[in-house]
Amino acid sequence: MILVTLNIANFEYDIHSLVKAFFPKEDVSVTSETKVLSEAPLFSMAIRYEPDAISFAIDGQELLRIPVNYADRTQTKNRLKQALYRLLCDYTHTTLPWGTLTGIRPTKIPMAFLEEGRDAGWIRDYMKNTYFASDEKIDLSIEIAGRELALLRQADYQNGYSLYIGIPFCPSTCLYCSFTSYPLGKWAARMEEYLAALEKEIDFTARALRDWKLNTVYIGGGTPTTLTAEQLDRLLTKVEQSFDFSHLLEYTVEAGRPDSITAEKLQVLRKHHISRISINPQTMKQATLDLIGRRHTVEQTVESFHLARSLGFDNINMDLIVGLPEETIEDVQHTMERLKELSPDSITVHSLAIKRAARLRMFKEEYQDLTITNTWEIIDLTARYARGMGMVPYYLYRQKNMAGNFENVGYAKEGKAGLYNILIMEEKQSILALGAGATTKFVFDGGRRIERTDNVKDIENYLGRIDEMIERKREAIAKYM
Ligand code: SF4
């Protein structure tokens, strides 16, 4: 473990995120209290906030002191992170692709500057000097921010909103999963009850927002296609009967797991004019799929994709993960080759992120011998393949504990970008979210202020307390919209 002690509790979260980015496998404790340790730390760092300066010491030796003006909190934070970053670069003999940036939405920075009218050269210099990010990541974020701005012109920030409906069930639980997802086997018998609760939320939301323009709908999860064809039909019928679609720009269903997709279900999606679906291989290496508990075959992915194409879907996304246990760059190349043969309309390349709730993290000992590799070469390889398939990057986000400290990037062919993905990442429009574990976000002032309202995660609680969930929404809508 790594211990960071502070003389005053201040910027603990920023310090923790940055130290953790350098030492993803270590437990990091940042505290202003005296701590008794059960084991000797890898090293101890002491950060002291003095009247006009911040000092840094490692294992009792002061290494750096920087002058600061505490009146400017943003400036103080930036200077603190810059100094800490330099110290940790020296200590580890390494740098991070995104420099001191540890937030999940780095593209928000160039986007805000582009909206102010700054040019790319100015933004590049600012990001380099302030965050020490690599040239590659700075260029990528500026390219994406520019593309997002152009795509977002379609959406109405003032009077528009988006809708998310969560189906938090999956055929099995993936090793790395930290989403709200419950095994279908346990809940299949109660799916009708779940749909009935969703319908109550749909009725309320459609009535409450009748004067607003619905721009995008995203049905995600979990795996929405764990619903039977009849249940999908029931849900999609309810949605289209309840909401006014005259301003709808995009309607996505994340089919997700190939083992849940059937011709009948795809036909239901076609009947309801779903404009975009996602069929997610994650990898085209069978041994990895078996290892991560996805319980579907590579062939099922290929068959589902061909089936969807034959039924007329012309906007199919495929999600991939790099940094999966035991995968090498050759495995990733093999996956990209197979995808090239299929030629989807967009792909989203995720870097594996292992959150606390994932089995891979919870049972650390059991999985400690697994090798997780994510490198610049792997990230570059996926980017080259995506561009080679005629796609360009259009959205980007980061998560905590990502393999290699990289990012997730969505690539799409012309006209096939997922608008909802941009809206949720750039936080430019309110998203009303229905279902267990769904979080509604109210966006004000072009994204400068965000308020959230959560639905409970536990299904039993969601079903039993659906009226309370609706009441929460009612109060939030009255207050914020
Ligand atoms: S498909 Fe996605 S939501 Fe479902 S278990 Fe796997 S990672 Fe979790």
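### Some words on the overall build of the chain
If you tally the helices and strands in the chain, you get 18 helices and 18 strands. Relative to a compact globule of 481 residues, whose C-alpha radius of gyration would be 23 Å, the chain shows 23 Å and is just as compact. By its C-alpha atoms, the chain is 70 × 50 × 50 Å across when sized along the principal axes. When each of the 481 residues of the chain is scored for burial, the buried share is 41%.

### Comments concerning unusual backbone geometry
In the segment running from glycine 221 into glycine 222, the intervening peptide bond is cis, with an omega of 15 degrees. Inspection of the secondary structure puts glycine 222 in the loop between strand S9 (213-221) and helix H8 (229-242). We note that asparagine 401 has phi near 55 degrees; this positive angle belongs to a residue other than glycine. With respect to the helices and strands, asparagine 401 occurs in the loop between strand S14 (392-397) and strand S15 (408-412). With 18 C-beta atoms counted inside 10 Å, the residue asparagine 401 sits in the partly exposed group. Even without a glycine there, the phi angle at glutamate 427 is positive, about 50 degrees. Relative to the helices and strands, glutamate 427 resides in the loop between helix H16 (419-426) and strand S16 (431-434).

### Observations concerning the pairing of strand S12 (residues 316-322)
Most of S12 sits out of view: six of its seven residues are buried. Here S12 runs beside strand S13 (residues 346-351); their pairing, made up of six bridges, is parallel. Looking at S13, one finds that aspartate 319 is bridged to threonine 348. Considered for its hand, the β-α-β crossover made up of S12, helix H12 (residues 329-342) and S13 is right-handed.

### Points about helix H3 (residues 108-116)
The periodicity of an α-helix, 3.6 residues per turn, causes residues three or four places apart in sequence to face the same way. For H3, every residue scored as buried is listed here: Ile109, Pro110 and Met111. On the buried face of H3, the contacting elements are helix H4 (120-131), helix H5 (135-152) and H16. Where H3 terminates, the next one or two residues include glycine 117, which has phi positive at roughly 95 degrees.

### Details of the environment of phenylalanine 313
One can find phenylalanine 313 in the loop between helix H11 (298-310) and S12. Note: C-alpha distance between phenylalanine 313 and histidine 273 (40 residues apart in sequence) is 9.6 Å.

### Here's the deal with the site of the ligand
Residues in contact with the ligand, as listed here, are Cys170, Thr173, Cys174, Cys177, Phe179, Ser181, Gly221, Gly222, Thr223, Gly256 and Arg257. For the shell around the ligand, the residue count by class is four nonpolar, six polar and one charged.

### Notes on the domain arrangement of the chain
When its domains are assigned, the chain resolves into domain 1 (2-92), domain 2 (108-152) and domain 3 (160-475). Each of domain 1 and domain 2 was reduced to a C-alpha centroid, and the two centroids are 28 Å apart.

### Regarding the nonpolar core
Counting 118 residues, the largest nonpolar core has Ile15, Leu84, Tyr164, Ile277, Ile279, Ile347 and Leu434 as its most contacted members. The element that contributes the greatest number of residues to this core is H5, accounting for six residues. Once residues within four sequence positions are removed from consideration, isoleucine 15 is found in contact with Val4, Val30, Ile47 and Leu84.

### Some thoughts on the sheet that holds strand S4 (residues 53-58)
Each strand in a sheet pairs with another by means of backbone hydrogen bonds, the pair being arranged parallel or else antiparallel. Strand order across the open sheet formed by five strands is S2-S1-S3-S4-S5, with mixed pairing between neighbours. The sheet is open, and its two edges are formed by strand S2 (28-31) and strand S5 (61-67), each paired on a single side. Geometrically, the sheet is characterised by an average inter-axis angle of 15 degrees between neighbouring strands, direction not taken into account. In the sheet, strand S1 (residues 2-6) pairs with S2 via four bridges, with the strands oriented parallel. Within S2, the position partnered with isoleucine 2 by the bridge is valine 28. The strands that helix H2 (residues 73-92) touches are S4 and S5; relative to S4, the one it contacts most, it runs at about 20 degrees.

### Re helix H1 (residues 12-22)
Those residues of H1 that sit buried are Ile15, Leu18, Val19, Ala21 and Phe22. The arc enclosing the buried residues of H1, seen along the axis, measures out at 155 degrees, which places them on a common side. Contact partners of the buried residues in H1: S1, S2, strand S3 (43-49) and H2.

Thresholds, definitions, all that
Residues numbered from 1 in each chain as written. Predicted model: local features only at pLDDT ≥ 70, side-chain atom pairs only at ≥ 80, totals over all residues. Helix = DSSP H or I, 4+ residues; strand = E, 2+ residues; numbered from the N terminus. Rg over C-alpha atoms; globule rule 2.2 N^0.38 Å. Buried ≥ 20, exposed ≤ 12 C-beta atoms within 10 Å, placed from the backbone. Pairing = 2+ DSSP bridges. Right-handed = clockwise from strand over helix to strand, strands pointing away. Contact = placed C-beta atoms within 7 Å. Near = placed C-beta within 6 Å. Nonpolar A, V, L, I, M, F, W, Y, C, P; charged D, E, K, R; others polar. Domains from an automatic or database assignment. Core = buried A, V, L, I, M, F, W, Y, C linked by C-beta atoms within 7 Å. Axes fitted to C-alpha atoms, helices over the stretch in contact; angles between N-to-C directions. Arc of directions from axis to C-beta.

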